[in-house]
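What the coordinates show
One letter stands for each residue in the lines below.
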Amino acid sequence: MALRAALRQKCGLIGILSQPSSSGSHSRVSAVLVSQMRNNATSPKIKVDFNQSTGVAVLSMQSPPVNSLSLDFLTELCISVEKLEMDRACRGLIITSSLPKVFSAGLDILEMYGKSPERCGEFWRAVQEMWLKMYSSNMVTIAAINGSSPAGGCLLSLTCDYRIMSDNPRYSIGLNETLLGIVAPFGTDKNIIKNTHTCSN
Ligand SMILES: CCCC/C=C/CC(=O)SCCNC(=O)CCNC(=O)[C@H](O)C(C)(C)COP(=O)(O)OP(=O)(O)OC[C@H]1O[C@@H](n2cnc3c(N)ncnc32)[C@H](O)[C@@H]1OP(=O)(O)O
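The rules behind each value
Residues numbered from 1 in each chain as written. Predicted model: local features only at pLDDT ≥ 70, side-chain atom pairs only at ≥ 80, totals over all residues. Heavy atoms only, no water. UniProt positions renumbered as here; feature names shortened; annotations may be inferred. Near = heavy atom within 4 Å. Polar contact = N/O pair within 3.5 Å; in protein donor to acceptor, adjacent residues only side chain to side chain. Areas by Shrake-Rupley, 256 points an atom, 1.4 Å probe, with all protein chains shown as cover. Pairing = 2+ DSSP bridges. Helix = DSSP H or I, 4+ residues; strand = E, 2+ residues; numbered from the N terminus.

- An unreviewed UniProt entry lists the chain under the name Enoyl-CoA delta isomerase 1, mitochondrial, from Mugilogobius chulae.
- Word for word, the UniProt comment on the chain under Sequence similarities (unreviewed entry) is "Belongs to the enoyl-CoA hydratase/isomerase family."

See below:
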């Protein structure tokens, strides 16, 4: 019942978000994805378990040491979500981490230092694509935050419909990227407080 209500709410949101943009940005973004796919690393940073009987997929981030969001990681994440999106049987998606103590450390800092402008552009497009894809997903999405989740890790969880976080005082979450000169959009802090629940693990 709750899942159905969440789906209904989500469908309304998708209706608004999926209106065609005059710039045709959705198809351009997909072309970026395809070209990134060709360069993608082979070791899987993402593991997906799809349960046919419940229609729910669990996507586990498994990129040690801290699931930082590198270009390869983001590309793999987007491809995994896109594949699930195309499977009509998949109605719900839980994103979590296979690593102990860390959900995601956020953007990979090494991607933002000493790289060419082209590479920086590619990286930043992948960041935008990740949150757009997650936020506009037609699946009901839940972040099961089982570790620290600063900055981009927090952003990733904010793109989900629901967040459940392990109630562990050692785990931190928040938008600390202002320390790096990156400004968060207005209102995101309010969202995270309103829609984040904690549980013990
Ligand atoms: C509008 C919002 C848009 C979103 C914008 C986002 C901006 C960002 O995301 S910038 C990135 C900000 N992230 C951080 O500041 C996180 C920094 N990391 C931590 O706080 C901690 O590492 C942790 C709490 C995530 C984990 O702590 P733990 O003690 O378990 O591990 P460490 O010893 O600190 O780290 C292990 C290893 O991982 C490397 N590392 C950590 N974070 C990152 C990262 N973001 N990118 C790349 N690498 C990272 C760290 O340097 C260690 O590496 P070595 O073992 O080689 O020293």
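Text resumes after the structure shown.
1. Some thoughts on the site of the ligand
- Close to the ligand lie 23 residues; Ala105, Leu107, Ile109, Ala151 and Gly152 are nearest.
- Between the ligand and Leu107 there is a distance of 2.8 Å, counted from an oxygen atom to a backbone nitrogen or oxygen.
- Isolated, the ligand exposes 1,100 Å² of accessible area, and the fraction of that covered by the protein chains is 59%.

2. A few points about the pairing of strand β4 (residues 140-145)
- Strand direction decides the pairing type here: strand β3 (residues 92-97) and β4, joined by 4 bridges, are parallel. Residue pairing across strands places Ile94 opposite Ile142, the latter belonging to β4.
- As paired elements, β4 and strand β6 (residues 162-166) share 4 bridges and run parallel to each other. The residue bridging Ile142 from the neighbouring strand is Tyr162, located in β6.

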